[in-house]
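The lines below spell out each chain.
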Amino acid sequence: ALNTAASENPPFLTDSELHIFLSRVEQTDGGLVHRLYHAERTKVDDPFTPAVLMTNVQGPGSRDHALALRPSSAPNPSTYRALLSSQRLGAPNIDYYWLDISPPFSGQAGAPQSAVGPLNSGGLEGGASFSRDGLRLYHSRYVYPDGGNSGNGDLYIVDINLASETSNLRLVPGPVNT
């Protein structure tokens, strides 16, 4: 139910393994477009339902690459803070945006707000993965220093406070980045 003739991209599986978010690269009249989808299942051993386009997130002219849900401290949260990796309104960069979404993830969503602090660099931001407590974010950043096609991608850690503001951006320590 998840794989189609389109290209499916970075999935995000919730801790319960009952919800999955993914991006599909689809051919449209306007060219290739990245769109965000959601699928769910009742039990971990069940197959996923067919993925549904998250029209509540997709903005005009946007290319949504990936979504990660920030873990909630509530046992049964009604709203999640999500971090969307998206290219909005023809911008040249893929940046992060915060938004609030609620199960069943196809209804109303808060309007995506550009992430502040050191998360957006002018490069390509993506691959978000939160720590279990939701206080740290691990992500990748690909920067083109010459403005062209050559560049460098590295993995970073950033601290997240309760207001979804970020601080203390740093490279992942050790020999991970080469």
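Structural data are supplied above this passage.
Below you will find a few notes about this structure.

What counts, and where the lines are drawn
- Residues numbered from 1 in each chain as written.
- Predicted model: local features only at pLDDT ≥ 70, side-chain atom pairs only at ≥ 80, totals over all residues.
- Heavy atoms only, no water.
- Pairing = 2+ DSSP bridges.
- Helix = DSSP H or I, 4+ residues; strand = E, 2+ residues; numbered from the N terminus.
- Salt bridge = Lys/Arg side-chain N within 4 Å of Asp/Glu carboxyl O.
- Buried < 20%, exposed > 50% of the residue type's maximum accessible area, 1.4 Å probe, protein only.
- Axes fitted to C-alpha atoms, helices over the stretch in contact; angles between N-to-C directions.

### Some points on the pairing of strand 12 (residues 152-160)
Logical step 1: Both strand 11 (residues 136-143) and strand 12 contribute to a ladder of eight bridges, which runs antiparallel. What sits directly across from Arg-136, in strand 12, is Asp-159.

### Some words on the pattern of salt bridges
Logical step 1: Tallying each qualifying case throughout the model produces six salt bridges.
Logical step 2: Notably, a salt bridge pairs Arg-41 with Glu-17, separated by 3.9 Å at the nearest N-O pair. On the criterion of sequence distance, the pair formed by Arg-41 in the loop between strand 4 (31-40) and strand 5 (52-53) and Glu-17 in the loop between strand 2 (12-13) and strand 3 (19-28) is long-range, its members being 24 residues apart.
Logical step 3: Between Glu-26 and Arg-35 there is a salt bridge whose closest N-O contact spans 2.9 Å.
Logical step 4: Residue classification places Glu-26 among the buried residues on the basis of a relative accessible area of 14%.

### Re the sheet that holds strand 11
Logical step 1: In space, the four strands of this open sheet follow the order 10-11-12-13, with antiparallel pairing throughout. Looking at the sheet topology across the chains shown, the edges are occupied by strand 10 (124-130) and strand 13 (166-171). The average angle at which neighbouring strand axes cross in this sheet is 30 degrees, direction not considered.

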